[in-house]
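In case you want the letters, here they are:
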Amino acid sequence: MGKKVRPISDDSNKPFGLTGFSLSEMRDDMSEQGVSSTTPFRGYCVHIPAKDEFLGVVRQRADLGMRGFCIGPSRAMRFPSYKAAANHREAEKGEIIVGLFETEHQLIVVSAEVITEQ
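This text gives an overview of the structure that appears in the document. (Residues numbered from 1 in each chain as written. Predicted model: local features only at pLDDT ≥ 70, side-chain atom pairs only at ≥ 80, totals over all residues. Heavy atoms only, no water.)

**A few points about the packing of aromatic side chains**
Point 1. Under the definition given, this model contains three aromatic pairs.
Point 2. Among the aromatic residues, those joined into a cluster by ring pairs are Phe41, Tyr44, Tyr82 and Phe101. (Phe/Tyr/Trp six-rings, centres within 6.5 Å; stacked < 30°, edge-to-face > 60°.)

Here it is, written out as structure tokens:
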């Protein structure tokens, strides 16, 4: 049984070939919760819900790859597209892609992934 299941619309913000909610669908979710649909979008982030940590830095060298995480979305790396964020996600470690929105007083994190319960 799924937690939240809905078809992903044909939207210019939805990356081809990836499973995720479009920007307009995330805005719809926020509107349902009483947050303005005009709230500024600040990018996609990689999030580990179990630890409530966000990908903060990625360093790639020929001989070494390093990733660091931060607490809270304010210092998280922000990617311009779902696809760019997905290139840095390690799903097998429980990492998901989220959208980051900013109101006057807070940052709001909205899942950009289709999540189903097993």
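**Looking at unusual backbone geometry**
Point 1. Despite not being glycine, Asp52 has its phi angle at roughly 50°, a positive value.
Point 2. By the secondary structure assignment, Asp52 is in the loop between strand 1 (41–48) and strand 2 (53–60).
Point 3. According to the relative accessible area criterion, Asp52 is partly exposed, its value standing at 44%. (Helix = DSSP H or I, 4+ residues; strand = E, 2+ residues; numbered from the N terminus. Buried < 20%, exposed > 50% of the residue type's maximum accessible area, 1.4 Å probe, protein only.)

**Concerning the pairing of strand 3 (residues 65–71)**
Point 1. Note that strand 2 and strand 3 share seven bridges and pair antiparallel. Across the sheet, residue Phe54 finds its bridge partner in strand 3, namely Cys70.
Point 2. The hairpin formed by strand 2 and strand 3 contains four residues between the paired strands. (Pairing = 2+ DSSP bridges.)

**Structural notes on the pattern of salt bridges**
Side-chain pairing between opposite charges can occur once the charged atoms of the two side chains come close.
Point 1. The tally for this structure, following the rule as stated, stands at four salt bridges.
Point 2. Residue Arg42 is joined to Glu102 by a salt bridge in which the shortest nitrogen-to-oxygen separation is 2.9 Å. You can see Arg42 sitting in strand 1 and its partner Glu102 sitting in strand 4 (residues 96–102), a full 60 residues away along the chain.
Point 3. In this structure, Glu90 engages Arg67 in a salt bridge whose closest nitrogen and oxygen atoms are separated by 3.4 Å. One end of the pair, Glu90, is in the loop between helix 2 (82–86) and strand 4; the other, Arg67, is in strand 3, and 23 residues separate them in sequence. (Salt bridge = Lys/Arg side-chain N within 4 Å of Asp/Glu carboxyl O.)

**Some points on the side chain of Thr39**
Point 1. As for its placement among the helices and strands, Thr39 is situated in the loop between helix 1 (23–32) and strand 1.
Point 2. Accessibility expressed as a relative area gives 6% for Thr39, which makes it buried.
Point 3. Side-chain polar atoms of Thr39 contact the backbone oxygen of Ser36, separated by 2.8 Å.
Point 4. Excluding its chain neighbours within four sequence positions, the residues that come into contact with Thr39 are Arg27, Met30, Phe101, Glu102 and Thr103. (Polar contact = N/O pair within 3.5 Å; in protein donor to acceptor, adjacent residues only side chain to side chain. Contact = heavy atoms within 4.5 Å.)

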